[in-house]
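# Architecture and fold: a report
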Amino acid sequence: MEFFVYGRDRPGAFPLKLSLSEEHWAFMDGYGEAMVARGPTLTGHDDDAESTGSLHVVDLPDVRAARAFAYDEPYYRAGVFESVLLCRFRNVLGRTMWDFTGAVAGYNRFLVLAMGGSGPAPAASAHLIASGELLALDGVARLGRAALVEAPDRESAAALLPAGGDDLVEVHPWRFGGRPAARGR
């Protein structure tokens, strides 16, 4: 069962988050083989960008394990996050972010969220890194869609995950995550 876990940083939490990086990575090391995607959302794509959140898509046995992953995580326990979105993830592409091979020089990476159930499925694109449906923890109710994409700008990224009717769409600069020295799983 795959789960989507997105912790949104509370304002001013960046220094605390930096101080907890090693604890966070040590915690994540225990889930290395279960990772589908991971990485921070950012204020931008420049070298001075600060973290605005922490995204993980992880394959776990059940909801209890997903809750432990989300709420035992050092950033959460220390109060870094303003909120945590925890839901089931139906992996439409059926791959991990490490399987993505279509990188384009000069393109940036984004997390695109379309919350609501009315939007169409994303069109097939070589620029989708990971994409899937967000479902309630029981796996039944459809909450929206999420995609990790590569695009030249926010508008192009949003276009890869078309919104429907009343969908609320968010586009966040994002990058592959993991220990800086070894960006593996």
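Overview of the structure.

Criteria and cut-off values
Residues numbered from 1 in each chain as written. Predicted model: local features only at pLDDT ≥ 70, side-chain atom pairs only at ≥ 80, totals over all residues. Heavy atoms only, no water. Pairing = 2+ DSSP bridges. Helix = DSSP H or I, 4+ residues; strand = E, 2+ residues; numbered from the N terminus. Axes fitted to C-alpha atoms, helices over the stretch in contact; angles between N-to-C directions. Contact = heavy atoms within 4.5 Å. Buried < 20%, exposed > 50% of the residue type's maximum accessible area, 1.4 Å probe, protein only. Arc of directions from axis to C-beta. Polar contact = N/O pair within 3.5 Å; in protein donor to acceptor, adjacent residues only side chain to side chain. Salt bridge = Lys/Arg side-chain N within 4 Å of Asp/Glu carboxyl O.

Let us now look at the sheet that holds strand β3 (residues 51–59). Overall, antiparallel pairing links the 8 strands, which are arranged β2-β3-β1-β4-β6-β7-β5-β8 in an open sheet. In this open sheet, the two edge strands, each paired with only one partner strand, are β2 (35–42) and β8 (168–173). Here the strands of the sheet are splayed against their neighbours by 25 degrees on average, with no regard to which way each runs. The pairing of strand β1 (residues 2–9) with β3 spans 7 bridges and is classified as antiparallel. Bridge pairing in β3 places Y6 opposite L55. Helix α3 (residues 63–71) contacts β1, β2, β3 and β4 (81–91) of the sheet and is inclined by roughly 145 degrees relative to β4.

Time to look at α3. Among all positions in α3, only A66, F69 and A70 are buried. Seen from one end, α3 has its buried residues packed into an arc of 95 degrees, which puts them on one side. Taken together, the buried residues of α3 touch β1, α2 (21–29), β2, β3, α4 (74–78) and β4. A side-chain oxygen of the first residue of α3 lies 3.2 Å from the backbone nitrogen of R64; this N-cap is D62.

Before going further, it helps to spend a moment on the side chain of T96. Inspection of the secondary structure assignment puts T96 in the loop between β4 and β5 (108–115). Under the relative-accessibility criterion, T96 is labelled buried at 11%.

The next thing to look at is the pattern of salt bridges. Under the defined criterion, the tally for this structure stands at 5 salt bridges. Here E170 ties to R8 by a salt bridge, and the two come within 2.8 Å at their closest N and O atoms. In this pair, E170 is assigned in strand β8 and R8 in strand β1, connecting sequence segments 162 residues apart. On the accessibility criterion, E170 (24% relative accessible area) is partly exposed. Judged by its relative accessible area of 21%, R8 falls in the partly exposed class. Across the pair D9 and K17 runs a salt bridge whose closest N-O atoms are separated by 2.9 Å. With respect to class, D9 is no different from K17; both count as buried. The network of salt bridges with shared partners includes R90, E133 and R142.

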